[in-house]
Amino acid sequence: MTAFMDQDFLLTTDVARKLYHEVAADLPVIDYHSHLQQGEIAARKTFRNIAELWLGGDHYKWRLMRTAGVSEDYCTGKRSDKEKFLAFCKVLPLAIGNPIYHWSHLELRRIFGIDLVINEKNAEAIWEQANAKLATMDIWTFLEQAKVEIACTTDDPADDLLQHGEIAKSALKTRVLPAYRPDKAMRINNLGYVDYVAHLAQVADVRIDSFATLIAALTKRVDYFHARGGRISDHAIDIALPTVAATPEQLEGMFAKRMRGDLLDDLEQAQYLRGLLEAIGAVYAQYDWTMCFHIGAMRNNNARMLATLGPDTGFDSISDMTTSNGLVALLSALDAHDQLPKTMLFNLNPAMNEVLSTMVGNFQDGSVAGKVQFGPAWWFNDHKLGNLNQLIAFGNHSVLGVFVGMVTDSRSFASYPRHDYFRRLVCRQLGEWVAAGEYPDDFDALATIVRGICYDNAKNYFKL
């Protein structure tokens, strides 16, 4: 029987073990998409205890606890930090097969050097030992301990990025760069859209009185981000894009309608989103940015809990919407005018793996290795099988050796051991192919692929 999560955890072949221990394990991390807060980094935030670190804002763990029968008081409620932590430790052993079980143990070992199994019996000892270690740590410790070379935050176009400037001047070894996420400009029917446009106009110093001037303001902010190290944009695509683009006149009419206070119908919302993405995508191409699409989330599904706790609290799921036709139409329209930027397609619905991993091949032009990429296993796909399926789909339909690797997509500074989890799975899959006689046992060739996926490709692709 294999020991629980030993040094060869997830590594099923000699080739995998050699690749991981000699190549992957100690490579620096480039985390090109996260939800870390730049203000917390600038302030060198400390954590009062492991409960704040692990449970303070982690909707993955809240979701697990609720499902295991833990009341909301122990998730987001008024119970003490210790009570919340003990409740989590009590139910975690039930979550066999859940990546949170593995992630939590990896975090405990790699961050705190604690080799105890997380359960009710060991909870008190873990609490004491982890808190003693936390007393000597801050956020910079987590980043530097995990060898995070670059971490990209997620920032609204209207953000001033002043704290990024503070971080850049600090002694932190990790480079913290902004990434551009114009969700508030994309979601035209949102309650605060009109007020947001006014705020963006003020920040960009552009009078926004039309769709064209909205794009002008967003473009000006792209330039602002670019001057401060930004090279990546991110867009949540939660509705199906239309196959036929709206005319400039139609886009102007939709914008004017919303600014009068009227809501757009479903088709108009989709047409507006398509028009905005096409316009801003062309801007990204001018700046040699990468455009990331996160496709297929159903967000904030529980209306009662949304009203009680707000968004991003663990009530999201996978959408089964069909996006392929509209997405291809958007990419093709940009490509037709030589305005298609480097693009990454992240899908939340695993049924889309084959769709998107074949779609990327439609828009390669030889200018950049893997110019359009099938993104890493994301959110509900970020588990053992999800990562392996993503790697296999990428390998089946594209060129796996140009893959730019994984991201944390996390709000937690303790989440960097997930990169270790991913690297072990990369080495595992390559080792399985060698063991099956499907690839030669050529260590140099395999090591080049591993180094590329885990570090080199991201550094070259994003030009960070």
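It should be noted that the structure appears before, not after, this text.
From a predicted model like this one, the values you see are computed outputs, not experimental measurements. As a convention, each chain's residues are numbered from 1 in the sequence order in which they are written. Only residues with pLDDT of at least 70 get local features here, since the model is predicted, and only at 80 or more are side-chain atom pairs given and counted; chain-wide, interface and lining totals rely on the full set of residues. The side-chain figures draw on all heavy atoms in the structure; neither hydrogens nor water molecules are used.

Caption draft 1: Region of the structure containing the overall build of the protein chain. Secondary structure elements are taken from DSSP: a helix is a run of H or I of four residues or more, a strand is a run of E of two residues or more, and numbering for both begins at the N terminus. Within the protein chain one finds 20 helices and nine strands. The quantity called the radius of gyration is restricted to C-alpha atoms. Its globule counterpart is 2.2 Å times the number of residues to the power 0.38. Relative to the globule expectation of 23 Å for 464 residues, the C-alpha radius of gyration of the protein chain, 23 Å, shows essentially globular dimensions. Along the first, second and third principal axes, the C-alpha set of the protein chain runs to 65 × 55 × 45 Å. Each residue is placed in one exposure class: buried if its accessible area under a 1.4 Å probe, protein chains only, is under 20% of its type's maximum, exposed if it is over 50%, and partly exposed if it falls in between. By the burial criterion, 56% of the 464 residues in the protein chain qualify as buried. Here a residue-residue contact requires only that any non-hydrogen atoms of the pair lie within 4.5 Å. Considering only contacts within the protein chain whose residues lie at least 6 apart along the sequence, 76% involve residues at least 24 apart. Residue-level accessible areas treat just the shown protein chains as cover; the underlying method is Shrake-Rupley with a 1.4 Å probe. Within the structure as shown, the protein chain displays about 19400 Å² of accessible surface, and the carbon and sulfur contribution to it stands at 51%. Looking at charge distribution, the protein chain has the averaged site of its 46 positive side-chain charges lying 4 Å from that of its 57 negative ones. As used throughout, the charge tally considers Lys and Arg to be positive and Asp and Glu to be negative, leaving His and the chain termini uncounted. A single reference atom marks each charge: NZ on Lys, CZ on Arg, CG on Asp, CD on Glu.

Caption draft 2: Inspection of the packing of helix α18 (residues 384-397) against helix α19 (residues 417-435) at higher detail. Each axis is a line fitted through C-alpha atoms, and for a helix only the stretch in contact is used; angles between axes span 0 to 180 degrees, taken between their N-to-C directions. Between α18 and α19, whose axes approach to 10 Å, the crossing angle comes to 55°. Viewed along their axes, α18 and α19 adopt a mutual orientation that is oblique. For the pair α18 and α19, the sense of crossing is right-handed. Every residue of α19 that contacts α18 at Lys 384, Asn 387, Leu 388, Leu 391 and Ile 392 is listed here: Tyr 421, Phe 422, Leu 425, Val 426, Arg 428, Gln 429 and Trp 433. Its residues assigned to classes, the contact of α18 with α19 shows eight nonpolar, two polar and two charged. Angular relationships are summarised with four words: roughly parallel below 35 degrees, roughly antiparallel beyond 145, roughly perpendicular across 65 to 115, and oblique for the angles in between. Helix crossings fall into two classes, left-handed where the near helix is turned counterclockwise from the far one by less than a right angle and right-handed where it is turned clockwise. All amino acids are sorted into three groups, where Ala, Val, Leu, Ile, Met, Phe, Trp, Tyr, Cys and Pro are nonpolar, Asp, Glu, Lys and Arg are charged, and the leftover types, Gly among them, are polar.

Caption draft 3: Molecular detail of the sheet that holds strand β5 (residues 290-295). Here, a strand pair is defined by DSSP locating no fewer than two bridges between the strands. Spatial ordering of the open sheet is given by β4-β5-β8-β9, a layout of four strands whose pairing is parallel. For this open sheet the edge positions go to β4 (232-237) and β9 (372-374), each flanked by a neighbour on one side alone. Shown here is a sheet whose adjacent strand axes are inclined to one another by a mean of 20°, direction ignored. As defined by bridge partners, β5 adjoins strand β8 (residues 342-347) across six bridges and the pair is classed as parallel. Among the inter-strand pairings, His 294 is bridged to a residue of β8, identified as Phe 346. Of the strands in this sheet, β5 and β8 touch helix α16 (residues 324-336), which is tilted by about 170° from β5. Here helix α20 (residues 443-462) sits on the sheet in contact with β4, β5, β8 and β9, set at roughly 130° to β8.

Caption draft 4: Here's a closer look at the sheet that holds strand β1 (residues 29-31). Pairing is parallel in the open sheet, where three strands are placed in the order β1-β2-β3. Of all the strands in the sheet, the pair left with one neighbour each is β1 and β3 (175-177). Averaged over neighbouring strand pairs, the angle between their axes works out to 10° when direction is ignored. Judged from the three bridges that link them, β1 and strand β2 (residues 148-152) form a sheet pairing that is parallel. Note on β2: the bridge partner recorded for Ile 30 is Ile 150.

Caption draft 5: Examining the pairing of β2 more closely. For β2, the buried fraction is high: four of the five residues fall into the buried class. Relative to β3, β2 runs parallel, the two being bridged by three bridges. Across the sheet, the residue bridging to Ala 151 is Val 176, located in β3.

Caption draft 6: Quick look at the environment of Asn 301. Following the sequence through the fold, Asn 301 ends up in the loop between β6 (297-298) and α15 (303-309). Taking the C-alpha atoms as reference points, Asn 301 and Asp 316, 15 residues apart in sequence, are found 5.9 Å from one another. Look past the residues within four positions of Asn 301 in its chain and what remains in contact with it is Phe 315, Asp 316 and Ser 317. N or O atoms closer than or at 3.5 Å make up a polar contact, with two conditions inside protein: a donor-capable atom paired with an acceptor-capable one, and, for residues adjacent in sequence, both atoms drawn from side chains. A distance of 2.9 Å separates the side chain of Asn 301 from the backbone oxygen of Met 298, its partner in a polar contact. Polar contacts involving the side chain of Asn 301 include one to the side chain of Ser 317, which spans 3.1 Å.

Caption draft 7: Layout of the pattern of salt bridges. Salt-bridge detection follows one rule: a side-chain nitrogen of Lys or Arg within 4 Å of a carboxyl oxygen of Asp or Glu. Inspection of every chain in the model, using the stated rule, returns 29 salt bridges. Its salt-bridge partner being Asp 14, residue Arg 17 comes within 2.6 Å of it at the nearest N-O pair. With Arg 17 and Asp 14 both in helix α1 (residues 14-24) and three residues apart, this pair spans about one turn of that helix. Note that Arg 79 and Glu 83 form a salt bridge whose closest N and O atoms lie 3.4 Å from each other. Owing to a relative accessible area of 34%, Arg 79 belongs among the partly exposed residues under this scheme. Each of the salt bridges in this network shares a partner with another, and the network as a whole consists of Arg 181, Asp 183, Arg 187, Asp 234, Asp 238 and Arg 299.

Caption draft 8: Expanded view of the environment of Ala 447. On the secondary structure map, Ala 447 appears in helix α20. Through-space distance from the C-alpha of Ala 447 to that of His 199 is 49 Å; in sequence the pair is 248 residues apart. Dropping the residues within four chain positions of it, Ala 447 is found in contact with Leu 19 and Val 23.

Caption draft 9: Representation of the packing of aromatic side chains. Each aromatic pair joins two rings of Phe, Tyr and Trp (for Trp, the six-membered one) with centres within 6.5 Å, and gets the label stacked for planes under 30 degrees apart, edge-to-face for over 60, and tilted for any other angle. Tallying each qualifying case throughout the model produces 19 aromatic pairs. Here the aromatic rings of Tyr 284 and Trp 289 are separated by 5.7 Å at their centres, their planes lie at 10°, and the arrangement is stacked. What makes Tyr 284 buried here is its relative accessible area of 0%. Every member of this aromatic cluster is reached through a ring pair, and the members are Trp 54, Phe 85, Phe 88 and Trp 127. In this analysis the charged atom, NZ for Lys or CZ for Arg, is taken to sit over a ring once it is within 6 Å of the ring centre and within 35 degrees of the ring normal. Over the face of the ring belonging to Phe 443 we find Lys 18, whose NZ or CZ atom lies 4.6 Å from the ring centre. Sitting over the ring of Trp 103, Arg 418 keeps its end group 4.0 Å from the ring centre.

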